Amino acid sequence: MAKAKKYRLAQIVERFGGEIIGDPQTPISQVATLQSAGAQDISFLSHGKYRAQLAGTGAGAVILARADSGLTQLPRIVCADPYLYFAKVSSLLNPPQAISPGVHRSAVIERGTRVPASVCVGAGAYIGRGVKLGKAVVIGAGCCIGDGVEIGAASRLHARVTIYAGCRLGQRALVHAGAVIGADGFGIALEEGSWRKIPQIGRVLIGDDVEIGANTCIDRGALDDTVVEDGVKLDNLIQIGHNVRIGAHTAIAGCTGIAGSTRIGKHCMIGGAANIVGHLDIADRVVIHAAAVVTKSIRKAGSYSGHPAEDSRSWAQHVVLLRHMDSLRERLRSLEKSLSTREKKA
Amino acid sequence: MAKAKKYRLAQIVERFGGEIIGDPQTPISQVATLQSAGAQDISFLSHGKYRAQLAGTGAGAVILARADSGLTQLPRIVCADPYLYFAKVSSLLNPPQAISPGVHRSAVIERGTRVPASVCVGAGAYIGRGVKLGKAVVIGAGCCIGDGVEIGAASRLHARVTIYAGCRLGQRALVHAGAVIGADGFGIALEEGSWRKIPQIGRVLIGDDVEIGANTCIDRGALDDTVVEDGVKLDNLIQIGHNVRIGAHTAIAGCTGIAGSTRIGKHCMIGGAANIVGHLDIADRVVIHAAAVVTKSIRKAGSYSGHPAEDSRSWAQHVVLLRHMDSLRERLRSLEKSLSTREKKA
Amino acid sequence: MAKAKKYRLAQIVERFGGEIIGDPQTPISQVATLQSAGAQDISFLSHGKYRAQLAGTGAGAVILARADSGLTQLPRIVCADPYLYFAKVSSLLNPPQAISPGVHRSAVIERGTRVPASVCVGAGAYIGRGVKLGKAVVIGAGCCIGDGVEIGAASRLHARVTIYAGCRLGQRALVHAGAVIGADGFGIALEEGSWRKIPQIGRVLIGDDVEIGANTCIDRGALDDTVVEDGVKLDNLIQIGHNVRIGAHTAIAGCTGIAGSTRIGKHCMIGGAANIVGHLDIADRVVIHAAAVVTKSIRKAGSYSGHPAEDSRSWAQHVVLLRHMDSLRERLRSLEKSLSTREKKA
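(A) Structural view of the overall build of chain A. Across its full length, chain A carries 5 helices and 39 strands. For 346 residues, the compact-globule formula gives about 20 Å, and the C-alpha radius of gyration of chain A, at 27 Å, lies well above that figure. For chain A, the proportion of its 346 residues judged to be buried stands at 54%. Across chain A, contacts joining residues at least 24 apart in sequence account for 21% of those joining residues at least 6 apart.

(B) Just the sheet that holds strand 30 (residues 251–252) of chain C, in detail. Residues and elements named next belong to chain C. Strands sit in the order 8-10-13-16-19-24-27-30-33-36-38-39 across an open sheet of 12 strands; the sheet is mixed. Edge positions in the sheet fall to strand 8 (102–103) and strand 39 (310–311), since each has one partner strand and no second. Two elements, strand 8 and strand 10 (residues 120–121), share 2 bridges in a ladder whose sense is parallel. Bridging across to strand 10, Val103 finds its partner in Val121.

(C) Main features of the nonpolar core. The biggest cluster of nonpolar side chains holds 239 residues, and the ones touching the most others in it are A:Ile139, A:Val294, B:Ile139, B:Val294, C:Ile139 and C:Val294. Aside from chain neighbours lying at most four places away, what touches A:Val294 is A:Ala274, A:Asn275, A:Ile276, A:Val277, A:Leu280, A:Ile288, A:Tyr304 and A:Ala309. With 29 residues, the next largest nonpolar core counts A:Ala37, A:Cys79, A:Phe86 and A:Ala87 among its residues.

(D) Representation of the relation of the copies chain B and chain A within the structure. Superposition record for chain B on chain A: RMSD 0.1 Å, screw rotation 120 degrees, translation along axis 0.1 Å. Here the symmetry operator amounts to a three-fold rotation axis. Both copies present different contact surfaces, since only 19% of the interface residues of chain B are interface residues in chain A too.

(E) Main features of the packing of helix 5 (residues 325–345) of chain A against helix 4 (residues 312–323) of chain C. Contact geometry for helix 5 of chain A and helix 4 of chain C: axes closest at 10 Å, N-to-C directions at 50 degrees. Judged by the inter-axis angle, helix 5 of chain A sits oblique to helix 4 of chain C. Taking contact as the criterion, the partners of A:Met325, A:Asp326 and A:Arg329 in helix 5 of chain A are, on helix 4 of chain C, C:Gln317, C:His318 and C:Leu321. Residues of the contact of helix 5 of chain A with helix 4 of chain C, tallied by class, amount to 2 nonpolar, 2 polar and 2 charged.

(F) Focus on the relation of the copies chain A and chain C. For the pair chain A and chain C, the relating rotation is 120 degrees, the translation along its axis is 0.0 Å, and the fit reaches an RMSD of 0.1 Å. A distinct binding surface is used by each copy, with only 19% of the interface residues of chain A retained as interface residues in chain C.

(G) The arrangement of the interface of chain B and chain A in detail. Contacts between the two partners involve 52 residues from chain B and, on the opposite side, 49 residues from chain A. For the side of chain B that touches chain A, the secondary-structure elements that each account for two or more residues are helix 3 (82–93), helix 4 (312–323) and helix 5 (325–345) of chain B. Here the side of chain B that touches chain A takes 7 residues from helix 5 of chain B, the largest share from any one element. Grouping the amino acids of the side of chain B that touches chain A by side-chain chemistry returns 24 nonpolar, 20 polar and 8 charged.

(H) Layout of the pairing of strand 21 (residues 188–191) of chain B. Pairing analysis gives 4 bridges linking strand 21 of chain B to strand 22 (residues 194–197) of chain B, with the strands arranged antiparallel. Bridging across to strand 22 of chain B, B:Ala189 finds its partner in B:Arg196.

(I) Just the interface of chain A and chain C, in detail. Taken together, the contact pairs 52 residues of chain A with 49 residues of chain C. Secondary structure elements with two or more residues in the side of chain A that touches chain C: helix 3 (82–93), helix 4 (312–323) and helix 5 of chain A. Broken down by element, the residue count for the side of chain A that touches chain C peaks at 7 residues, all from helix 5 of chain A. Tallied by class, residues from the side of chain A that touches chain C come to 24 nonpolar, 20 polar and 8 charged.

(J) Broad picture of the domain arrangement of chain A. When its domains are assigned, chain A resolves into domain 1 (7–93), domain 2 (102–314) and domain 3 (315–345). Computed over C-alpha atoms, the centres of domain 1 of chain A and domain 3 of chain A are 56 Å apart.

(K) Summary view of unusual backbone geometry. Residue and element names in this part refer to chain A. Geometrically, the link from His307 to Pro308 is a cis peptide bond, its omega value of -5 degrees lying close to zero. Examined against the element boundaries, Pro308 turns out to sit in the loop between strand 38 (302–305) and strand 39 (310–311). A positive phi angle is found at Arg285, which is not glycine, with a value near 60 degrees. Secondary-structure assignment places Arg285 in the loop between strand 35 (281–282) and strand 36 (286–288). Taking the number of C-beta atoms within 10 Å as the measure of exposure, Arg285 has 17 and is therefore partly exposed.

(L) Broad picture of the sheet that holds strand 6 (residues 61–65) of chain A. All names here are of chain A. Spatially, 5 strands are ordered 2-7-6-5-4 in an open sheet, and the strand pairing comes out mixed. The open sheet is flanked by strand 2 (19–21) and strand 4 (30–31), the only strands paired with a single partner. As paired elements, strand 2 and strand 7 (residues 76–79) share 3 bridges and run antiparallel to each other. Of the residues in strand 7, the one forming a bridge with Glu19 is Val78.

(M) Main features of helix 3 (residues 82–93) of chain C. Compared with the 16 Å implied by 1.5 Å per residue over 12 residues, the 16 Å span of helix 3 of chain C between its first and last C-alpha is a close match. Within helix 3 of chain C, 9 of the 12 residues are buried, which leaves the element mostly enclosed by the surrounding structure.

(N) Quick look at the packing of helix 1 (residues 9–16) of chain B against helix 3 of chain B. All names here are of chain B. Between helix 1 and helix 3, whose axes approach to 11 Å, the crossing angle comes to 115 degrees. Between helix 1 and helix 3, the angle falls in the class roughly perpendicular. Note on packing geometry: the crossing formed by helix 1 with helix 3 is right-handed. For the pair formed by helix 1 and helix 3, the contact residues are Ile12, Arg15 and Phe16 on the first element and Tyr85, Lys88, Val89 and Leu92 on the second. Of the residues in the contact of helix 1 with helix 3, the class split is 5 nonpolar, no polar and 2 charged.

(O) Spotlight on the environment of A:Gly221. Inspection of the secondary structure assignment puts A:Gly221 in the loop between strand 25 (217–218) and strand 26 (226–228). Counting along the chain gives 38 residues from A:Gly221 to A:Ala183, while the straight-line C-alpha distance between them is 9.2 Å.

(P) Examining the pairing of strand 7 (residues 76–79) of chain C more closely. As defined by bridge partners, strand 6 (residues 61–65) of chain C adjoins strand 7 of chain C across 4 bridges and the pair is classed as parallel. Its bridge partner lying in strand 7 of chain C, C:Ile63 is registered against C:Ile77.

(Q) Local environment of the environment of B:Gly221. All names here are of chain B. On the basis of neighbour count, Gly221 is assigned to the buried category, with 26 C-beta atoms found within 10 Å. The sequence separation of Gly221 and Ser303 amounts to 82 residues, and the corresponding C-alpha distance is 29 Å. Apart from residues no more than four positions distant in its own chain, Gly221 is found in contact with Gly185, Gln200, Gly202, Arg203, Thr226, His242 and Asn243.

(R) Structural detail: the environment of C:Arg196. Its location among the elements puts C:Arg196 in strand 22 (residues 194–197). Look at C:Arg196 and you get partly exposed, because 17 C-beta atoms sit within 10 Å. Apart from residues no more than four positions distant in its own chain, C:Arg196 is found in contact with A:Leu84, A:Ala87, C:Ile188, C:Ala189 and C:Glu191.

Rules behind the numbers
Residues numbered from 1 in each chain as written. Chains lettered and ligands numbered in written order. Predicted model: local features only at pLDDT ≥ 70, side-chain atom pairs only at ≥ 80, totals over all residues. Helix = DSSP H or I, 4+ residues; strand = E, 2+ residues; numbered from the N terminus. Rg over C-alpha atoms; globule rule 2.2 N^0.38 Å. Buried ≥ 20, exposed ≤ 12 C-beta atoms within 10 Å, placed from the backbone. Contact = placed C-beta atoms within 7 Å. Pairing = 2+ DSSP bridges. Core = buried A, V, L, I, M, F, W, Y, C linked by C-beta atoms within 7 Å. Least-squares fit on C-alpha atoms with pLDDT ≥ 70 in both. Axes fitted to C-alpha atoms, helices over the stretch in contact; angles between N-to-C directions. Parallel < 35°, antiparallel > 145°, perpendicular 65-115°, else oblique. Nonpolar A, V, L, I, M, F, W, Y, C, P; charged D, E, K, R; others polar. Domains from an automatic or database assignment. Expected span 1.5 Å × (residues − 1). Left-handed = near helix turned anticlockwise from the far one by under 90°.

Structure (structure tokens):
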């Protein structure tokens, strides 16, 4: 991480809005949690459960909501959304590392690929033929970029990313180490008991402002393309099957798998280790909780959980019911007994 | 993808059989979905749900089953299995990229390894000592091949594949980027509260015609070998534990984990994100659905689902029952009430 | 694997204790399973289910518990914990491969990094600025080590490991191919429907004697550090979110995901494909079974299973109850019927 510059509270509020209570000259050089903050750090309170930590914090200043503004005497910024405000301050204090443009002497660039002067290509990277790189792109050490790939301006690939031939990445992408974009989809057909491979001739098309986590895989399409729209955020170790489409501004947590030809809407949030089977349609603004197994299309915005996934409230009820099933069985048994006793009497 | 050659319908039927209805001279240069096909594309109908798309397709020709042959007036090939037929046509139109034999100047080949003239070794690849490579093998950029590895003829490794020392890959393997073959199995023994590593001295032995997906891991055996038989197809991000054996022509979808010493039969199909615990036996021709958690051996061909996995039909019933459990509880409650009312009366 | 040296039973018992029954001069050069052992191999019996194999084994000697010592006439070592004893013998017979110190000519070492003479840096590895390497560290081919990373003595990184800037690895670490340590945590904040990235400025701090499996990912902290304590063993394809803390001597099997800010206790055992949501506390000595979905903190040592996870015994009961729910429904139906019949009679 680059060394953080110093700002005054007043300078921060000038940029991002909000109201200062306390000394506007308070110097801030870094963000920190309430627990570990020091005198030049700014911290934040975005969740009630951390209120107790506010009393003991060593922070120089705190970001909090109007309702909590009386909970501390420290210099503070009062704003509508402390978590978002903190995110902005952190971005200000921790800008992306500066690029050192140039191609490392150990990198290999094939014929027909022009590397703009503003681009940085790391040690041992391999870039195939006819690759188009936007301005200020960073290709990390050990990356392998296939023939004809296009990468938009200001995109950054960390070490050892692989992009197969023909795939496209938009502007300002951030791709973490080990990610594989454009490997063959899992397309096979049965032929007398053995599997025949189906050539995967689609591409992967990725929009602008997409983040892709470490060791995540996005397969190329079988015939048409696999599409990841603008602003999508993917965590680590995610599997995106061939011909999947992920709508704009959807966020997916780690270890999730999305099988082939499924379409995910825009503004969805998908929890970790979720599994969505193939050929489904998931509407916009759907929330899928961690480890949910989605086996049917979801046509309505809302929150879904469980195995198989259903409305989160129903799932919670079913879990409770299951846990009380032994008492149901007991009640049934006693009913049977009392009935049989009566019958005998009768 | 290499540029596709052009074929006439008649030439296709000559190779793969089937019957032409319409102009046998119709030129075909690529395969495509019904929705996106153009005049020189051939498409296919293999699933009833796409029938509606047949009417509006711009395809030059269509592959379909006898029963569907009247649904279009386009030139068409009628055959028994349209999906398999399409797979064959796609392979014809999209042959694997031609190899450019030779060792890239940046690749490193250790002493004692001979690279046949027909082999292609990509930029920055590392090949250890005593490695045996068959004819026309392709080692992608950035691959690391350990000492004593053997790779059969016509096998292709995409970028950044790692194969640990001593492992063997058969002929015509296709291994995708980031796959790791032969890392240590997870073998540890408790010694007064801490873990002692057990050396993993087995190998990974992989048969012919095996495909291995991106970032998939196959661990070496603890004592004996881990074995993947001929024709097995593995998707991305799969974990195969030490001493697992996977029977011939089994296909496994992404994100699945198979724990140590489990034996999977031949011709099985295992859905995505399934989890199979260790030391189990799974019979031949078992189908395991997505996200199933298999905790006991499966002795009988059939279809299995759920957590824990059971016969798919039973699982489906149990899911339905669980979802109606509140109504069961209501019925129980009303029985109790009516009985207690009667007792009071009595 | 290096060629194994030969030992006599007497020499083994001298090192590790236990009692010999039979010829103490029996020569041993390798460990093997009962099924595949030959005359110079020592095998072991640690589980009742393999007793049948003992009769037919071709092993030269066997390690077993006092209670089983009469089950064979072979030369044998009797000890308290045959599995641990076997682990020790295997380590003796299969020491880690000897290091060939030196920096491969194709490796890149940035300015400000000093490589000790005892260190081995493989082909194509990249090591950033200001990296601190302990004695006898092995950096495998194609590894990428970020600026300012610290790696303790005798740690070994297999091929293609990535460690991001500023992270620390203790002594005697073993890291398998494709692992990614220190990628950004999944920290994003909603801003008018789109996601704003939160800089991840914490590090990953890893203790001594930690093993990290192939393609496993450990994210750097958002503000504070992600911490993996001494003696932790991580299998393949595991995801450790930002600011997670894993207590000493905890072992985690493959495909498991642990979401951000969760704290796992010491001496825990976590089964494969488990999923633990964020911000939880898991006590010491907790056992979490394969595929469990942990949605609440676990305050008590014990064994947990299921989706959502609960005490393993309860989960097992609930699974049984669910499977008998149709019979419950039948009993309920017949009660209703008999009651209604009686009412009609009445």
